[in-house]
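Here are the chains, one letter per residue:
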Amino acid sequence: MSKRVNDVAHPEPLYPSDVIAARLETLADEIAARMSKDFALVAILKGSFVFAADLIRALAAHRLNPDVDFMTLASYGAGTVSSGTVRLLRDVEIAVEGREVLVVDDILDSGRTIAYARHHLLERGATAVRVCVLLDKTADREPQKHADFVGFSCPPAFVVGYGMDHAHKFRGLPFIAILSEE
Ligand code: 5GP
């Protein structure tokens, strides 16, 4: 049963940290089984930074040490509703040409962010782009908007914690929680 972060001082998480940690181990197994040894990992900032940090260490335990870089994409501003337009605020620095790339993001909702990242990295010469998201919010999407690896399903609510914010707050919560509308 989830609690809402701004209702109570110590909210009960939607996904507690021990459940997240256990899922990352199995997610790393799935990635190790399907990705080549020499892939590049591109994390989408800012929301995925905690997830990416834990995931790359889970991958290291599977002897996978991808080159790691970041892209900053924005569509939300400070609110809880997407603007519908994805903007590239920071591009990757590593060369992705001729490489398999794993894009890591926090949440898959409409799929616009992932579709933008996939298209951008393929245009920069990546041979294949696979996608790993911590949370998947909706089900009915075009194929280029699906993720290859999903941590958890997510209810249709605005969630925070474990790197995810609302107006720059709550990123440091060690668990995932639902933000109250009040
Ligand atoms: P999409 O482009 O798939 O509609 O939205 C994905 C992006 O929107 C995510 O990378 C994330 O930054 C943001 N987002 C979507 N839903 C939520 C949410 O519930 N909480 C937070 N903090 N960000 C969200």
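About the thresholds
Residues numbered from 1 in each chain as written. Predicted model: local features only at pLDDT ≥ 70, side-chain atom pairs only at ≥ 80, totals over all residues. Heavy atoms only, no water. Helix = DSSP H or I, 4+ residues; strand = E, 2+ residues; numbered from the N terminus. Contact = heavy atoms within 4.5 Å. Expected span 1.5 Å × (residues − 1). Buried < 20%, exposed > 50% of the residue type's maximum accessible area, 1.4 Å probe, protein only. Arc of directions from axis to C-beta. Salt bridge = Lys/Arg side-chain N within 4 Å of Asp/Glu carboxyl O. Near = heavy atom within 4 Å. Polar contact = N/O pair within 3.5 Å; in protein donor to acceptor, adjacent residues only side chain to side chain. Areas by Shrake-Rupley, 256 points an atom, 1.4 Å probe, with all protein chains shown as cover. Axes fitted to C-alpha atoms, helices over the stretch in contact; angles between N-to-C directions. Parallel < 35°, antiparallel > 145°, perpendicular 65-115°, else oblique. Left-handed = near helix turned anticlockwise from the far one by under 90°. Nonpolar A, V, L, I, M, F, W, Y, C, P; charged D, E, K, R; others polar.

A. Fine view of the environment of D54. Secondary-structure assignment places D54 in helix α2 (residues 49-60). Spatially, the C-alpha atoms of D54 and L24 are 7.6 Å apart, while their sequence positions differ by 30 residues. In this view, D54 contacts L24 and Y162; residues no more than four positions away in its chain are not counted.

B. Examining α2 more closely. In this model α2 runs 17 Å from its N-terminal to its C-terminal C-alpha over 12 residues, within 8% of the 16 Å that 1.5 Å per residue would give. When we look at burial in α2, the residues that qualify are F51, A52, L55, A58 and L59. In an axial view of α2, the angular spread of the buried residues amounts to 125°, which keeps them on one side of the axis.

C. Fine view of the pattern of salt bridges. According to the stated counting rule, one finds 10 salt bridges in the structure shown. In this structure, the salt-bridge partner of E93 is R90, at a minimum N-O distance of 3.1 Å. Note on E93: relative accessible area 64%, which makes it exposed. The closest approach of N and O atoms between D165 and R171, which form a salt bridge, is 3.4 Å.

D. Structural view of the site of the ligand. Taken together, 16 residues are adjacent to the ligand, and D106, S110, T113, K137 and V159 come closest. Between the ligand and R112 there is a distance of 3.5 Å, counted from an oxygen atom to a backbone nitrogen or oxygen. A distance of 2.7 Å separates an oxygen atom of the ligand from a polar atom in the side chain of K137. Out of a free accessible area of 510 Å², the ligand has 92% covered by protein chains. Those elements that place two or more of their residues in the shell around the ligand are β4 (100-108) and α3 (112-123). Residue contributions to the shell around the ligand peak at 4 residues, all from β4.

E. Up close: the packing of helix α1 (residues 17-34) against α2. Contact geometry of α1 with α2 gives a least axis separation of 9 Å together with a crossing angle of 60°. Compared by their axis directions, α1 and α2 come out oblique. In the crossing of α1 with α2, the sense of the turn from one axis to the other is right-handed. Side by side, α1 and α2 meet where L24, E25, L27, A28 and I31 of the first sit next to F51, D54, L55, A58 and L59 of the second. Along the lines of polarity and charge, the residues of the contact of α1 with α2 split into 8 nonpolar, no polar and 2 charged.

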